[in-house]
Amino acid sequence: MSYRRAWLLVDEVNHALTQPAVATSAGGNARGGAKLTAHGAKIVDLYRSIEQSASASTKRDFKQLEKLARKGTRSNALP
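These numbers come from a predicted model, not from an experiment.

What the protein contains, in helices and strands, is 3 helices and 2 strands. Secondary structure of the protein in N-to-C order comes out as α-β-α-β-α. Radius of gyration (C-alpha) of the protein: 19 Å, far over the 12 Å computed for a compact globule of 79 residues. For the protein, the C-alpha atoms occupy an extent of roughly 55 × 25 × 20 Å along the three principal directions. Taking all 79 residues of the protein together, 6% fall into the buried category. Here the contacts in the protein between residues at least 6 apart in sequence split such that 8% fall between residues at least 24 apart.

Parameters at a glance
- Residues numbered from 1 in each chain as written.
- Predicted model: local features only at pLDDT ≥ 70, side-chain atom pairs only at ≥ 80, totals over all residues.
- Heavy atoms only, no water.
- Helix = DSSP H or I, 4+ residues; strand = E, 2+ residues; numbered from the N terminus.
- Rg over C-alpha atoms; globule rule 2.2 N^0.38 Å.
- Buried < 20%, exposed > 50% of the residue type's maximum accessible area, 1.4 Å probe, protein only.
- Contact = heavy atoms within 4.5 Å.

As structure tokens, this is what we get:
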């Protein structure tokens, strides 16, 4: 992903939320940068929680799916 694309996505996310997820400051290498805000940290925490719940709730189904796959195929794509 290009640097520009990443910044465009950060801007899009910030505009979609009630509060910014990322705070930016101008200033180049010496003083500029970006920091995750408290609002952004909460979003990351919620996403990780959703990810864990989804993984746990689909584990049995993925095991069944794995049983239907040919032996010797790549199964590392399944959780």
